[in-house]
Amino acid sequence: MLTKEHIDDLLNKDGNILSADGDKIGSIGQIYADDDNGQPTWVTARTGLFGTSESFIPLEGARLEGSDIVIPYTKDQVKDAPRVDTDGHLEPSEEDRLYEHYQLNGTYRDTAAGRDGDELGGREGNAERDAAFAAGRSGTYAAAGAADTVGHDTSGHSTDDAMTRSEERLSVGTERQATGRARLRKYVTTENVTQTVPVQREEVRLEREPISDGNISAATSGPDISEAEHEVVLHEERAIVDKETIPVERVRLDTETVADEVTVDEQVRKERIEADGVDDINRR
């Protein structure tokens, strides 16, 4: 069970809020305590981008696990909870919506208001009890007691002698994600190649020579009158085509990192403190 003694320790350790099955719901944001007894009744979980969204979760049934708070609700239940402004105080109508969402009623609603009692059967019935319940709604937790402060908090509960001013700081990081795919694909195309090759061929040429002393013996070596045939074989060169496959290059995919700059434009909230009725003249 969480008590008011745990609150400062939790807020200083930057813990997380976990579901019963171990899922991280968000970081611990603010803790709201009962105005009457100071016991913590609500906690907010910071979710969303940079923790800019806060969801209210009842602390009934919650337990501590180191610097984390383990709650008996699922991540989806918290995500779907009604949106309530974290302005330092819960209105009765806002608590009603949250109680209804988390299905809390009866004894717990009375006990959360700082009283013991029977189960509430709804909002109808004992008017005096309902009025007391509305008066005991919870507000943000104050660490110091009223006896140790100078002045008091007019928002409904005691605080110390100083007001804390907070502001949001922008934290920008990067994440790696896939943007596309590149692949190599090989396919076959056909093209014509024209190449000129020199070739040779034989042709028949008729030569005549007169009878002379040099060839008279060859001319008269046969019969005087006869029939005869003489044959010559002709030759020519033809182009022969042969193809062979040879490797010509190797292709691979590679990546390179290119540095670029991205401008992030986001709104952050800052608290401002103004003083009313303060004399600016220094007094000794």
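Being a predicted model, the structure only gives us computed values, none of them experimental.

Participant: Now, about the pairing of strand E2 (residues 24–34): what can you tell me, with residues and values included?
Facilitator: For E2, the buried fraction is high: eight of the eleven residues fall into the buried class. Pairing geometry for strand E1 (residues 16–18) and E2, over three bridges, is antiparallel. Bridged to Asn 16 within E2 is Ser 27. Here E1 folds back onto E2 in antiparallel fashion, the turn holding five residues, of which Gly 22 has a positive phi close to 95°.

Participant: Explain the pattern of salt bridges residue by residue, including any values.
Facilitator: Tallied over the entire structure, the rule returns nine salt bridges. Note that Arg 205 is salt-bridged to Glu 207, the shortest N-O span being 2.8 Å. For Arg 205, a relative accessible area of 65% puts it in the exposed group. Relative accessible area serves as the criterion here: at 60%, Glu 207 is assigned to the exposed category. When salt bridges that share partners are traced, they join Arg 165, Glu 167 and Arg 169 into one network.

Participant: Any chance you could break down the environment of Asn 16 for me, citing the residues and the numbers?
Facilitator: Among the structural elements, Asn 16 can be located in strand E1. As a C-alpha pair, Asn 16 and Arg 46 span 30 residues in sequence and 8.9 Å in three-dimensional space. Excluding anything up to four places from it in sequence, Asn 16 contacts Lys 24, Gly 26, Ser 27, Ile 28, Ser 67, Asp 68 and Ile 69.

Participant: Can you explain the side chain of Ser 19? Please cite residues and give values.
Facilitator: Along the polypeptide, Ser 19 turns up in the loop between E1 and E2. At 2.3 Å, the side chain of Ser 19 and the side chain of Asp 21 are in polar contact. With sequence-adjacent residues up to four places away left out, Ser 19 is seen in contact with Ile 25, Val 70, Ile 71, Tyr 73, Thr 74 and Lys 75.

Participant: Lay out the environment of Tyr 102 with the relevant residues and their values.
Facilitator: When you line up the elements, Tyr 102 lands in the loop between helix H3 (92–101) and helix H4 (107–112). We classify Tyr 102 as buried; its relative accessible area is 4%. C-alpha separation for the pair Tyr 102 and Ala 81, spaced 21 residues apart in sequence, amounts to 7.9 Å. Apart from the residues within four sequence positions on either side, Tyr 102 is in contact with Phe 56, Ile 57, Pro 58, Tyr 73, Gln 77, Val 78 and Ala 81.

Scoring rules and cut-offs
- Residues numbered from 1 in each chain as written.
- Predicted model: local features only at pLDDT ≥ 70, side-chain atom pairs only at ≥ 80, totals over all residues.
- Heavy atoms only, no water.
- Buried < 20%, exposed > 50% of the residue type's maximum accessible area, 1.4 Å probe, protein only.
- Helix = DSSP H or I, 4+ residues; strand = E, 2+ residues; numbered from the N terminus.
- Pairing = 2+ DSSP bridges.
- Salt bridge = Lys/Arg side-chain N within 4 Å of Asp/Glu carboxyl O.
- Contact = heavy atoms within 4.5 Å.
- Polar contact = N/O pair within 3.5 Å; in protein donor to acceptor, adjacent residues only side chain to side chain.

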